[in-house]
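Examining the three-dimensional arrangement
What follows is each chain in one-letter form.
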Amino acid sequence: MDIVGQINQIHREVGTGRIPAGDGRTVLLRRDFDAPIDDVWDACTDADRISRWFLPVTGDLRLGGTYQLEGNAGGEILRCEPPRLLRVSWIFGELPPTEVEVRLTGADDRTVFELEHVAIVDPAMWEQFGPGAVGIGWDLTLIGLTAHLSGASTQIPKDWQRTPAALEFITRSGEAWGVAYQKSGATADEAEATTRTTIAAYTTPPA
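Values in this document were obtained by computation on a predicted structure and should not be read as measured data.

On to the layout of surface pockets, then. In this structure, the second largest pocket encloses a volume near 440 Å³. Taken together, 24 residues line the second largest pocket, and the ones lying closest to its centre are C44, T45, I50, L86 and V88. Only helix 2 (37-45), helix 3 (47-53), strand 4 (66-69), strand 5 (74-81), strand 6 (85-90), strand 7 (98-107), strand 8 (110-119) and helix 5 (132-149) provide two or more residues apiece to the lining of the second largest pocket. Tallied by class, the residues present in the lining of the second largest pocket amount to 20 nonpolar, two polar and two charged.

Now the structure itself:
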């Protein structure tokens, strides 16, 4: 995998947004895909295709319905405007509800994909980990979507995240989120500290 190329194809922003529970922090990822908008939309909304590049998903996958990703988040489908906008609540374990919105813009056979995740984050957690805690996870998720849209016949192996290539990808992803954090107004020291802490959290094997 072209690790540097994968990292550089994603535009990252850190900002603020609002969900029903109040004002929160946002991470935004944007990248282009060499695929028509209808194909990208289908990959992000069809249960069978989602299971091929992300995780198995169950539920009533329609506006107002609910979904559950196996071993991960679940929630409610809040907005669904094919083939351009999907917003869901994102609830993981006992953590407070957050929201994820996917926006697609198509032109010819290319699609601009945007994903924005809004969450009210505990200040102590944000100070320790910054945006990379969520951002690295979404960068890793987009590897699967990229491979799927390019026609890969198999999923990313489950143990891939412990390979040297994955560790390099996580490190570069964390550093990229540190740059985005500093652009949003964080000091260089704040960005550096959160970057190193988050990379360590993703790359240190469990005891």
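Quick look at the nonpolar core now. Here is a general trend for soluble globular proteins: nonpolar side chains tend to be buried in one another's company. Core analysis: the biggest nonpolar cluster contains 47 residues, and V40, W90, F113, L140 and L145 have the highest contact counts within it. In this structure, F113 is in contact with L29, R30, R31, F33, V40, C44, V102, R103, L104, L142 and L145, ignoring residues within four places of it in sequence.

Two measures describe an aromatic ring pair: the distance that separates the ring centres and the angle between the ring planes. The full count for this structure, using the stated rule, is five aromatic pairs. Relative to F113, the ring of F33 has its centre 5.8 Å away and its plane inclined at 75°; by these criteria the two rings are edge-to-face. Pair noted here: F33 is in strand 2 (residues 22-33) and F113 is in strand 8, with a separation of 80 residues, a long-range link. Residue classification places F33 among the buried residues on the basis of a relative accessible area of 3%. Looking at F113, the relative accessible area reads 2%, which means it is buried. Pairing Y67 with W90 gives two aromatic rings, centres 6.5 Å apart and planes at 40°, and the pair type is tilted.

In this model helix 5 runs 25 Å from its N-terminal to its C-terminal C-alpha over 18 residues, within 8% of the 26 Å that 1.5 Å per residue would give. Counting buried positions along helix 5 yields 15 of 18 residues, so the element is predominantly enclosed.

Cut-offs used in this document
Residues numbered from 1 in each chain as written. Predicted model: local features only at pLDDT ≥ 70, side-chain atom pairs only at ≥ 80, totals over all residues. Heavy atoms only, no water. 1 Å grid on protein atoms, 1.4 Å probe; cavity = no way out; pocket = protein on both sides within 12 Å on 5 of 7 lines; lining within 4 Å. Points joined across faces, edges and corners; volume = space filled by probe spheres on them. Helix = DSSP H or I, 4+ residues; strand = E, 2+ residues; numbered from the N terminus. Nonpolar A, V, L, I, M, F, W, Y, C, P; charged D, E, K, R; others polar. Core = buried A, V, L, I, M, F, W, Y, C linked by side-chain atoms within 4.5 Å. Buried < 20%, exposed > 50% of the residue type's maximum accessible area, 1.4 Å probe, protein only. Contact = heavy atoms within 4.5 Å. Phe/Tyr/Trp six-rings, centres within 6.5 Å; stacked < 30°, edge-to-face > 60°. Expected span 1.5 Å × (residues − 1).

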